[in-house]
Amino acid sequence: MKKRTLVLAVATLFAVCAFSMTVLAQSAEMKLVGVITKIKIAGPAATTATAILKDTKTEKLVEIVINDELTLDKFKDHRIVEGDEIRCKYKSVDGKNVSNYFRKTAGC
Amino acid sequence: MKIRGLLMALALASLATAPGLAEEHPGRASIEASGYNGPSTCEECHPGKAKELLSTVHWKHASPVTNVDGLDAEKEYGMFNRIYTMCNGNDVVNNLKEIPVNPETGKSKFTGCNTCHPGNHLSDVGSTGPEAENAIDCLVCHSSAYDFTKRVPFKDGKGQVVMGQDRSTAAALAVGRPAAKNCMVCHERAGGGIYVKRGFEFTRENDVHAAMGMTCVDCHKAQNHKLPTGFDPNTWANDGLRVACSDCHGAEPHADQDYNRHTAKLACQTCHIPRTGGTMAKDFTRWEQGADKFYEPGTIQAEANSTKPVYAWYNLRVRNTPHFIGPDGSRNDGTSKIYPFKVYQGKAFFDKKSGQLLSMDFAPPMATGDVLAGVASAASTLGIKDYEPTPGWQTLYFGSSHLVTKENALTCFQCHTVGGALNFKDLGYSDAEVAKLTNPETYVTKVLEKQKEEW
């Protein structure tokens with residue numbers, strides 16, 4: 001009896017953790033500072049683009065999807081170019097890293 | 001009321017014809033045929049425009065300033081020569097140049113305040129004459145097809161630092177009234193980074209006017225390239241023209257008289273711009289190293305629309321002391337109104353001998369982090385020999401006139417409650433008055449009626 005309760009408790013705990021972890025993975029906002037190594041955008045009418053950032057802390061390459069109009073426009077007229085350092089916030093949506101904040105770090 | 005209705009209708013009608021109809025510019029065929037050779041091409045049909053631009057704040061970064069304490073009436077002031085802790089440098093001490101090489105990477109880069117200028121640096125801030133006229137970058141403000149890879153500093157054959165421009169025919173063919181984006185090329189970077197100075201994120205989500213498709217120049221209506229401004233205590237230079245909310249809306253814009261009664265003592269912005277944002281503090285005595293090994297001043301950044309403004313009486317005169325630059329005014333001077341401000345604090349070096357703020361040339365600290373070398377370089381440019389740098393803080397009040405909301409405008413019980421949006425006591429109301437102003441009696445009948453209407 002006692003053992004069963006314990007097993008149940010552990011199982012429940014496990015389930016709760018696993019559940020909350022998947023929730024986290026979907027909704028947590030991630031942040032990074034990195035340099036753009038590549039911008040892919042399909043012409044002046046594009047409504048989406050991808051940028052590859054090299055994370056300054058981990059040196060890993062992270063592919064980010066950008067959908068917001070203001071940032072896309074900055075890709076199109078080259079106010080943001082490869083080599084720029086970016087502060088980025090993004091969320092994982094259907095396995096893609098979708099940006100909701102994409103700004104150059106310095107301005108002077 | 002009728003006249004105002006007409007004005008609003010006109011304002012809205014002009015919106016319909018405003019944005020980006022580049023192909024309709026009547027000069028197109030001519031530019032297509034002979035190419036773009038700079039301002040002289042435009043001058044064929046728009047004579048005098050280049051010369052007229054040279055006398056504006058956008059070219060001079062300075063003007064006579066009459067509402068700020070302690071200035072010399074004979075001189076002109078602006079970002080050209082101002083020293084304060086949002087930038088701690090200006091066009092003079094921070095003239096565009098190549099910085100010393102970084103010892104770790106052996107690399108250099110260009111920096112300078114006068115990159116926010118529509119010239120080519122050879123003809124710089126405040127220059128005059130035919131060469132200056134010909135150096136103007138008309139297209140940075142007028143083209144919707146500007147290629148910004150060309151608007152970067154470089155060294156020419158003689159070793160002079162030049163600010164590049166897009167002078168392609170393609171860009172000249174896309175000429176029109178300036179869009180918000182053209183203005184934002186510089187204004188979103190004011191203070192040295194995106195939305196740094198006041199969190200000026202002018203988007204549909206943040207501003208009722210942007211949501212209606214209005215652009216900067218719908219309110220800042222230029223006359224012969226002179227642009228109207230307001231009375232931000234830290235934007236001194238002006239073209240002598242002013243813009244205010246009431247120009248378009250009148251002093252009593254509300255159907256509800258209870259709001260209109262407040263406009264004698266409260267600026268429109270106080271209720272309609274309940275949030276502010278941007279940098280809270282910067283420390284110019286401590287520069288932080290970035291991934292590229294160059295250094296930037298330590299900066300504490302808040303998002304747009306994320307912080308509470310500070311409310312103060314303002315009579316449109318500016319108190320200007322070494323440790324405070326902000327609104328002058330009081331409840332009883334008869335002219336002041338309560339305005340919202342974005343408050344910012346900056347740390348930098350002051351001269352112990354004179355008590356004045358010292359400025360900094362960014363080139364040395366950007367390369368090596370050596371802030372005192374930056375102070376020394378600026379002092380040498382300005383001919384200051386005898387000084388003793390000592391760190392200290394300065395408080396700046398910035399005006400808050402964009403990101404207007406109707407939905408989230410402050411309403412009765414957000415102010416007339418204990419601990420509400422305004423601190424009545426700090427604003428000079430007596431204890432008895434505060435008790436009355438924070439008593440629900442001020443609004444309870446009205447709000448009950450409103451609730452009945454709405455539900």
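Going by the structure above, here's the rest.
Residues numbered from 1 in each chain as written. Chains lettered and ligands numbered in written order. Predicted model: local features only at pLDDT ≥ 70, side-chain atom pairs only at ≥ 80, totals over all residues. Heavy atoms only, no water.

### Digging into the overall build of chain A
So, point 1. What chain A contains, in helices and strands, is two helices and five strands.
So, point 2. When each of the 108 residues of chain A is scored for burial, the buried share is 29%.
So, point 3. Within chain A, counting contacts between residues at least 6 apart in sequence, those at least 24 apart form 48% of the total.
So, point 4. Accessible surface, chain A: about 7,200 Å² in total, of which carbon and sulfur atoms supply 63%. (Helix = DSSP H or I, 4+ residues; strand = E, 2+ residues; numbered from the N terminus. Buried < 20%, exposed > 50% of the residue type's maximum accessible area, 1.4 Å probe, protein only. Contact = heavy atoms within 4.5 Å. Areas by Shrake-Rupley, 256 points an atom, 1.4 Å probe, with all protein chains shown as cover.)

### Regarding the pairing of strand 5 (residues 276-289) of chain B
Residues and elements named next belong to chain B.
So, point 1. The pairing of strand 5 with strand 6 (residues 295-307) spans nine bridges and is antiparallel. Pairing of Ala281 across the sheet is with Ile300, part of strand 6.
So, point 2. Adjacent in sequence and paired antiparallel, strand 5 and strand 6 are bridged by five residues, among which Lys293 carries a positive phi angle near 75°. (Pairing = 2+ DSSP bridges.)

### Regarding the pattern of salt bridges
So, point 1. Applying the stated criterion to the full structure yields 26 salt bridges over all chains.
So, point 2. Its salt-bridge partner being Asp77 of chain A, residue Arg79 of chain A comes within 3.0 Å of it at the nearest N-O pair. Like Arg79 of chain A, the residue Asp77 of chain A is buried in the burial classification.
So, point 3. Between Asp256 of chain B and Lys446 of chain B there is a salt bridge, with its nearest N and O atoms 2.7 Å apart. Linking Asp256 of chain B in the loop between helix 12 (245-249) and helix 13 (257-260) with Lys446 of chain B in helix 19 (residues 444-454), this pair joins segments that are 190 residues apart in sequence.
So, point 4. Where salt bridges share partners, they join Asp73, Asp77 and Arg79 of chain A together with Lys181 of chain B into one cluster. (Salt bridge = Lys/Arg side-chain N within 4 Å of Asp/Glu carboxyl O.)

### As for the side chain of Asn206 of chain B
All names here are of chain B.
So, point 1. Positionally, Asn206 belongs in the loop between helix 9 (180-187) and helix 10 (208-211).
So, point 2. Given a relative accessible area of 18%, Asn206 falls into the buried group.
So, point 3. In this view, Asn206 contacts Glu201, Asn305, Leu403 and Val404; residues no more than four positions away in its chain are not counted.

### Brief notes about the interface of chain A and chain B
Size of an interface: often given as the accessible area lost when the parts come together.
So, point 1. Taken residue by residue, the interface counts 16 residues in chain A and 19 residues in chain B.
So, point 2. Summed over both partners, the interface of chain A with chain B comes to about 1,500 Å²; 54% of that surface belongs to carbon and sulfur atoms.
So, point 3. Scanning the region where chain A abuts chain B turns up five salt bridges.
So, point 4. Across the pair Asp73 of chain A and Lys181 of chain B runs a salt bridge, and its minimum N-O distance is 3.2 Å.
So, point 5. Where chain A meets chain B, there are seven residue pairs in polar contact (both at pLDDT 80 or more).
So, point 6. Of all elements in the fold, only helix 2 (69-76), strand 4 (85-93) and strand 5 (96-104) of chain A reach the threshold of two or more residues within the side of chain A that touches chain B.
So, point 7. In terms of residue class, the side of chain A that touches chain B is built from five nonpolar, three polar and eight charged. (Buried area = accessible area lost by both parts, 1.4 Å probe. Polar contact = N/O pair within 3.5 Å; in protein donor to acceptor, adjacent residues only side chain to side chain. Nonpolar A, V, L, I, M, F, W, Y, C, P; charged D, E, K, R; others polar.)

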